[in-house]
Amino acid sequence: MYNKPVHLLFIKELGRLLIEFNNCGDDQVKDIIHQDIFLLRDALHLTAIE
């Protein structure tokens, strides 16, 4: 079932992660943020199609 508040929360978190990724200077941390972005992208996809 589509849950708009959860979907919007995921979008907000994705924006925060993108900002952190762009401002990060540590390659290891950047890799972790990159993984989180892809996981959140998948979660967004799942909440959009339910």
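Residues numbered from 1 in each chain as written. Predicted model: local features only at pLDDT ≥ 70, side-chain atom pairs only at ≥ 80, totals over all residues. Heavy atoms only, no water.

1. Digging into the overall build of the protein
Within the protein one finds 2 helices and 0 strands. Overall, the protein is about 40 × 15 × 10 Å in size when its C-alpha atoms are taken along their principal axes. The 50 residues of the protein split such that 20% are buried. Carbon and sulfur atoms make up 63% of the accessible area of the protein, which amounts to about 4000 Å² in all. Computed over 5 positive and 8 negative side-chain charges, the inter-centroid distance for the protein is 9 Å. (Helix = DSSP H or I, 4+ residues; strand = E, 2+ residues; numbered from the N terminus. Buried < 20%, exposed > 50% of the residue type's maximum accessible area, 1.4 Å probe, protein only. Areas by Shrake-Rupley, 256 points an atom, 1.4 Å probe, with all protein chains shown as cover. Lys, Arg positive; Asp, Glu negative; His and termini not counted. Charge placed at Lys NZ, Arg CZ, Asp CG, Glu CD.)

2. Some points on the nonpolar core
Formed by Leu14, Leu17, Cys24, Ile33, Ile37, Leu40 and Leu44, the largest nonpolar core amounts to 7 residues. In terms of residue count, helix α2 (residues 27-49) provides more of this core than any other element does, 4 residues in total. Ignoring anything within four residues of it in the chain, the contact list for isoleucine 33 reads Leu17, Glu20, Phe21 and Cys24. (Core = buried A, V, L, I, M, F, W, Y, C linked by side-chain atoms within 4.5 Å. Contact = heavy atoms within 4.5 Å.)

3. Some thoughts on the packing of aromatic side chains
Here the structure, examined in full by the defined rule, presents 0 aromatic pairs. Residue placement shows lysine 30 over the ring face of phenylalanine 21; its charged tip is 4.9 Å from the ring centre. (Phe/Tyr/Trp six-rings, centres within 6.5 Å; stacked < 30°, edge-to-face > 60°. Lys NZ or Arg CZ within 6 Å of the ring centre and 35° of its normal.)

4. Examining the pattern of salt bridges
Under the criterion given, the structure shown has 3 salt bridges. In this structure, the salt-bridge partner of glutamate 20 is arginine 16, at a minimum N-O distance of 2.1 Å. One end of the pair, glutamate 20, and the other, arginine 16, are both in helix α1 (residues 4-23), 4 residues apart, so they sit about a helical turn from each other. According to the relative accessible area criterion, arginine 16 is partly exposed, its value standing at 38%. Between aspartate 42 and arginine 41 there is a salt bridge whose closest N-O contact spans 3.1 Å. Assessed through its relative accessible area of 37%, aspartate 42 is described here as partly exposed. (Salt bridge = Lys/Arg side-chain N within 4 Å of Asp/Glu carboxyl O.)

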